[in-house]
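Descriptive analysis of the structure
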Amino acid sequence: MIIMHGDIAVAGIGKNGIAKIFVPDRMPYDLYFEEKTTDIDSLVQNLENFYHWCSTRLIHIDRKYIKEIFGSIGATQQMTDRDRAQIALSYHALSLLDIYWVRDDEEQVFFSDINLYEHSLSNAFADLSLRGRSMSVENNHLIADDLSTPGMFPKAWIREEDGFYLIKDGDEDAVERELLASRIAGCFDVPLIQYEESIYDDLRVSRSKIITSLDISIVSMDAFLIYTINHDLNCLNEVLRKDSYGYYMMNIIDYLVGNTDRHKGNWGWLVDNQTGERLRLHELMDFNKAFNSYDTTDGAICQTVFDKTGKPDGQTQYDAAKTATRNISPKLTTNIDDNWFGEHDTWREMFHRRMDRLFCN
C-alpha cells in the first residue's frame, strides 16, 4: 500500500510489514514506520501502526448513531483496528481534514480523480449520520460525509454552492451552548470558526464553514503529540514556540465560557499542504459542552496543559487562563451583550465573575 499526500507518494508498506519512507517530512504526524529492519516484532508493529492510522480515519466508536452507520455498510461495532482500517481503505482512507489517502501499489488512480473537495458526496448519508436513519449505500458514497470527523455528537458535511458546511445536532441544549459560547469568543481577537444557527430537516442545528481545502489541512494535537513523542520533543514547548498567542487565547476563552471538552482531538495545527509547514494553531472550534463546571470560578481541570506524555498536570482552567494573561494581553474587539444569555441568568453571572477574577484581580 502507498500512503499519498495529494499526488506525492510519501511511504509504502507491504503485507509483511516492510516499510519504506520516500518523503520523510510529509509523513502523517501520527504514523511511524521502522525502516531497514528484519526484526519480526518491528515488522508487526509497522503493520499495527498503519492499520491504527487508517482506523483513525474512520468514525469514532462513541459517535451517536454508530450502530446505524455501521449497519448501513454491513459492519459491526466490535471491530479491531484492522477491521476498521479495511473500511477506511475501501474509500482510499480519504478525509476532509487533510489530503492524505492510500492506494494499492498497482492501482492507477490519481488524487484529482477522487479528492473530496472536487467530487460530490452523498447527501443521503447526512440523513443517516444526523438522524440515525438506516439505509443501504455503497462504501464509496460514505467517504467523509461524516466518517472522518471526530466527536460524539451527530454531525455531517453538507456541500453547498460556496463549499462544505458542517452541521451539528446533539439536542437543543448542545446547539444553544455552542452558538452562545462561539458568539462570546467572537468578541475577542482570536481565530475562530463561526457557528450560526440553522435548520436541517426541521431540526435546530449549528452550522459552520469548512476551514480545510486542497491548500490547507489541519492536524490534531493528538496526532502531533504522537509525533513529538517519537521524535523526543516536548509537545507544549513546540506549541508555544510556534503560536503562543493562539494557545494562550484558547485557554482564556475556554475558561471564560466553561468549555470542558478541549481534548486533543479538537485543537491542533493549520498546515500548508504545499510546503508541509505548520502555520499556526487552527481556528477555535467545538463549544457544545460550554458552560459546564460553571458553578465555581476555578473551572474544570485544564486538558491543554500536560506533560511530555500528554498527561494533564492538574491545573484548573483558571490557573491556565491566569498564566495566559501574564504572557499576552487579550483584546476585546466587540462588546459582549448580556442579552445574549437570554434566560440563563446563572451563566451570565458566572461569566462576569470569571471575567472580573481573570482581568480585575
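What counts and what doesn't
- Residues numbered from 1 in each chain as written.
- Predicted model: local features only at pLDDT ≥ 70, side-chain atom pairs only at ≥ 80, totals over all residues.
- Heavy atoms only, no water.
- Core = buried A, V, L, I, M, F, W, Y, C linked by side-chain atoms within 4.5 Å.
- Buried < 20%, exposed > 50% of the residue type's maximum accessible area, 1.4 Å probe, protein only.
- Helix = DSSP H or I, 4+ residues; strand = E, 2+ residues; numbered from the N terminus.
- Contact = heavy atoms within 4.5 Å.
- Pairing = 2+ DSSP bridges.
- Axes fitted to C-alpha atoms, helices over the stretch in contact; angles between N-to-C directions.
- Polar contact = N/O pair within 3.5 Å; in protein donor to acceptor, adjacent residues only side chain to side chain.
- Parallel < 35°, antiparallel > 145°, perpendicular 65-115°, else oblique.
- Left-handed = near helix turned anticlockwise from the far one by under 90°.
- Nonpolar A, V, L, I, M, F, W, Y, C, P; charged D, E, K, R; others polar.
- Phe/Tyr/Trp six-rings, centres within 6.5 Å; stacked < 30°, edge-to-face > 60°.

So, about the nonpolar core. By size, the foremost hydrophobic cluster in this structure holds 55 residues, and its most contacted members are Phe188, Met221, Tyr247, Trp267, Phe287 and Phe291. Counting residues per element, the ones that place at least two in this core are helix 6 (172-185), helix 7 (221-230), helix 8 (235-257), strand 10 (268-272), helix 9 (317-327) and helix 10 (345-360). Tallying contributions element by element places helix 8 first for this core, with 12 residues. Setting aside anything within four residues of it in sequence, one finds methionine 221 in contact with Cys235, Val239, Lys264, Trp267, Gly268, Trp269, Leu281 and Phe306. Of all hydrophobic cores here, the second largest spans 39 residues; its members include Ile2, Tyr51, Met79 and Ile114.

So, about the sheet that holds strand 1 (residues 2-5). Read from one edge of the open sheet, 4 strands run 3-2-1-4, paired in antiparallel fashion. Whereas interior strands pair on both sides, the edge strands pair on one side only; in this sheet they are strand 3 (19-21) and strand 4 (100-103). Within this sheet the neighbouring strands show an average axis-to-axis angle of 25°, counted without direction. Relative to strand 3, strand 2 (residues 8-13) runs antiparallel, the two sharing 3 bridges. Across the sheet, residue glycine 12 finds its bridge partner in strand 3, namely lysine 20.

Inspection of the secondary structure assignment puts serine 55 in helix 1 (residues 40-55). At 2.7 Å, the side chain of serine 55 and the backbone oxygen of histidine 52 are in polar contact. Excluding its chain neighbours within four sequence positions, the residues that come into contact with serine 55 are Asp81, Arg84 and Ala85.

Packing of helix 9 against helix 10 brings their axes to within 10 Å, and their N-to-C directions diverge by 40°. Of the possible angle classes, the one that applies to helix 9 and helix 10 is oblique. Between helix 9 and helix 10 lies a crossing of right-handed hand. Contact residues: helix 9 offers Gln317, Tyr318, Ala321, Lys322 and Thr325, while helix 10 offers Arg354, Arg357, Leu358 and Phe359. A breakdown of the residues in the contact of helix 9 with helix 10 according to their chemical character gives 4 nonpolar, 2 polar and 3 charged.

Our next topic: the packing of aromatic side chains. This model, assessed by the stated rule, comprises 13 aromatic pairs. Here the aromatic rings of tyrosine 247 and tryptophan 267 are separated by 5.9 Å at their centres, their planes lie at 40°, and the arrangement is tilted. Of this pair, tyrosine 247 sits in helix 8 while tryptophan 267 is found in the loop between helix 8 and strand 10, placing the two residues 20 residues apart along the sequence. On the basis of relative accessible area, tyrosine 247 is assigned to the buried category, the value being 4%. The class for tryptophan 267 is buried, based on a relative accessible area of 2%. Between phenylalanine 291 and tryptophan 347, the ring centres sit 4.3 Å apart and the planes meet at 10°, which makes this aromatic pair stacked. Residue phenylalanine 291 is found in the loop between strand 11 (278-281) and helix 9, and its partner tryptophan 347 is found in helix 10; the two are separated by 56 residues along the sequence.

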